[in-house]
Each structure stands twice: as structure tokens, then as C-alpha cells.
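# Survey of secondary and tertiary structure
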Amino acid sequence: ELVIGETGVVTGDVFTESALVSGKIVGNVTCSAVLHLTSTAKIEGNLLVSAIVVDEGAKIEGSCRTQKTSAQEAAARIVEIPGYESKNPKKREAKENKEDSSEQA
């Protein structure tokens, strides 16, 4: 289980079974069980979860999909969403490399 306190900040995509978030996540979140966002939570990214609890005051800047699946299956199904750039440096690098190779062709 992932726990992020009120002053905690995570930058990057998160893959976990369950999470209790009171701080901030800048990146996509994939959760195979329950994602609980407390009143002080702020998510800047897209959510793919099996179940979600959102306390009054929590903020989500992105989309949210619920789907019963394992974390590995969910991670494999995440697709690029138009207008959203991953906060994960490895994904940005892979995307840039893909764009460079298509420009050369």
C-alpha cells in the first residue's frame, strides 16, 4: 500500500495495489484495488482504478476510469491521452525517440 502524507509530493507515474493519498501526485495513477483521496489530495494526471474513494475537497485534474484488473494488466492498457504528456521522464524520452524516428522515415 502506498501512503502519501499531506506534504508529500510524487512526480511520476504510480502503479500500486492500493493507495491513501493526502498529498500531491503529478503523473498517471494505476491502482488495482482502492485509491483513497483525502480532502487535501491533489492529482494532476489520469486515474485507472478498480475502486475510488474521494473525500470532499480532493482535487483531480485529469480523467478517471474504473476497471477491475490487476496493476500489471492496467499498466499495459494505459494509452496516450491526447493533450496529456506523461510526467515520467522515461515515457517522455520514449515518445521523443518515437517521434524522431518517424520524422527520419
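Scroll up for the structure.
To start, this report covers the structure provided alongside it.

Quick look at the overall build of the protein chain now. When its secondary structure is counted, the protein chain shows two helices and 10 strands. Ordered by position in the sequence, the α and β elements of the protein chain form the string β-β-β-β-β-β-β-β-β-β-α-α. Across the 105 residues that make up the protein chain, the buried fraction comes to 34%. When contacts within the protein chain are restricted to residue pairs at least 6 apart in sequence, long-range pairs at least 24 apart make up 15% of them.

By size, the foremost hydrophobic cluster in this structure holds 14 residues, and its most contacted members are Val21, Ile25, Val29, Leu35, Leu37, Ile43 and Leu47. Going through the elements one at a time, β4 (19-21), β6 (29-37) and β8 (47-54) are the ones with two or more residues in this core. The element best represented in this core is β6, accounting for four residues.

This part covers the pattern of salt bridges. On inspection of all chains with the given rule, the structure shows three salt bridges. In this structure, glutamate 44 engages lysine 24 in a salt bridge whose closest nitrogen and oxygen atoms are separated by 3.4 Å. With glutamate 44 in strand β7 (residues 42-44) and lysine 24 in strand β5 (residues 24-26), this pair connects stretches of sequence that are 20 residues apart. In this structure, glutamate 61 engages lysine 42 in a salt bridge whose closest nitrogen and oxygen atoms are separated by 3.5 Å.

Turning to the pairing of β8, a few remarks are in order. For β6 and β8, the ladder comprises seven bridges, and the chain directions are parallel. Paired with valine 34 across the strands is alanine 51, a residue of β8.

Moving on, we come to the environment of glutamate 56. Topologically, glutamate 56 is positioned in the loop between β8 and β9 (59-61). Here glutamate 56 falls in the exposed class, since its relative accessible area comes to 78%. A C-alpha to C-alpha distance of 8.9 Å links glutamate 56 and threonine 40, two positions 16 residues apart in sequence.

With that out of the way, let us pick up the sheet that holds β5. On the basis of which strands lie adjacent, the open sheet formed by four strands has the order β2-β5-β7-β9 and parallel pairing. Strands with a single pairing partner mark the edges of an open sheet, and in this sheet they are β2 (9-11) and β9. Within the sheet, the average angular offset between the axes of one strand and its neighbour, ignoring direction, is 5 degrees. Bridge count for β7 against β9 is three bridges, and the pairing is parallel. Bridged to isoleucine 43 within β9 is isoleucine 60.

Turning our attention to the pairing of β6. By the bridge criterion, three bridges tie strand β3 (residues 14-16) to β6 in an arrangement that is parallel. The partner of phenylalanine 15 across the bridge, within β6, is threonine 30. Judged from the three bridges that link them, β4 and β6 form a sheet pairing that is parallel. Looking across to β6, one finds that leucine 20 is bridged to histidine 36.

Quick notes on the rules
Residues numbered from 1 in each chain as written. Predicted model: local features only at pLDDT ≥ 70, side-chain atom pairs only at ≥ 80, totals over all residues. Heavy atoms only, no water. Helix = DSSP H or I, 4+ residues; strand = E, 2+ residues; numbered from the N terminus. Buried < 20%, exposed > 50% of the residue type's maximum accessible area, 1.4 Å probe, protein only. Contact = heavy atoms within 4.5 Å. Core = buried A, V, L, I, M, F, W, Y, C linked by side-chain atoms within 4.5 Å. Salt bridge = Lys/Arg side-chain N within 4 Å of Asp/Glu carboxyl O. Pairing = 2+ DSSP bridges. Axes fitted to C-alpha atoms, helices over the stretch in contact; angles between N-to-C directions.

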